[in-house]
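The lines below spell out each chain.
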Amino acid sequence: MSFGRQAIVWLPIAKAIGEIELEAELKKHFFTADYIRVGKELVKQALTLPKMDKEISLYVHGSRADELRPDLLAIFDGWIPDEHILYEFKTTKNGWANQGIVDTNGQITLYSLAYYLLFGTAPLVRLVRLDTGNGRMKLYETKRTEMEMMTMRDKLNDMHDDLVAKGWWEGRAARDTSFVQIAKDNTKKYVRTLSHTKI
């Protein structure tokens, strides 16, 4: 994502949770009046979102043959842990998402599976569509069924087994890094408290 597109999306969200002054930041980086107008509109919209933890990474260790065999690293854009609500922000210009797309989006199913395996419950996922053309925000809610999540698990296991059989699994790009360690630490912290939360 270009810096311009990142800024128009994340600066309004940062502004909404009180971290920076949007207009000054945009002017500092030579954004046009059009960008600033759209940014201000997104700020108004973003202020309607509830307080949430920003980007959080969690790690699912794959091992049991009856569950998930590959490891999973899931990075959620926003999270309300006590309510088991995940947020995913998507940028678009004049459209992209509709409820049907949100209800079948593979990334959301993958995140839901990771969450389910860690906490024993399917999260409510709120996809926030931010239109960088007109500054409008639209919220979609979706929740995956256990069957949908297990279908995703089976697909991941099939891909994993295929890569192992071809001898490609050990040569994959994903390796333990400091980023993965952060995700593992986050997971330990939250699993201790949230896996016992009743909904």
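Just above, that's the structure.
Residues numbered from 1 in each chain as written. Predicted model: local features only at pLDDT ≥ 70, side-chain atom pairs only at ≥ 80, totals over all residues. Heavy atoms only, no water.

So, about helix α6 (residues 146–165). With 20 residues, α6 should cover 28 Å at 1.5 Å per step; its first-to-last C-alpha distance of 28 Å lies within 8% of that length. Those residues of α6 lying buried are Met149, Met150, Met152, Arg153, Leu156, Asn157 and His160. Along α6, the residues classed as buried sweep out an arc of 155° about the axis, all on the same side. Within α6, the exposed residues directed more than 90 degrees away from the buried face are Met147, Lys155, Asp158 and Ala165. The elements touched by buried residues of α6 are β2 (72–80) and α5 (106–119). The positive-phi residue at the C-terminal boundary of α6 is Gly167, with phi of around 80°. (Helix = DSSP H or I, 4+ residues; strand = E, 2+ residues; numbered from the N terminus. Expected span 1.5 Å × (residues − 1). Buried < 20%, exposed > 50% of the residue type's maximum accessible area, 1.4 Å probe, protein only. Arc of directions from axis to C-beta. Contact = heavy atoms within 4.5 Å.)

Summed over all chains, the structure comprises five salt bridges. As a salt-bridge pair, Asp161 and Arg69 come within 2.6 Å of each other at their nearest N and O atoms. Taken as a pair, Asp161 in helix α6 and Arg69 in the loop between β1 (53–60) and β2 lie far apart in primary sequence, 92 residues in all. Looking at Asp161, the relative accessible area reads 31%, which means it is partly exposed. (Salt bridge = Lys/Arg side-chain N within 4 Å of Asp/Glu carboxyl O.)

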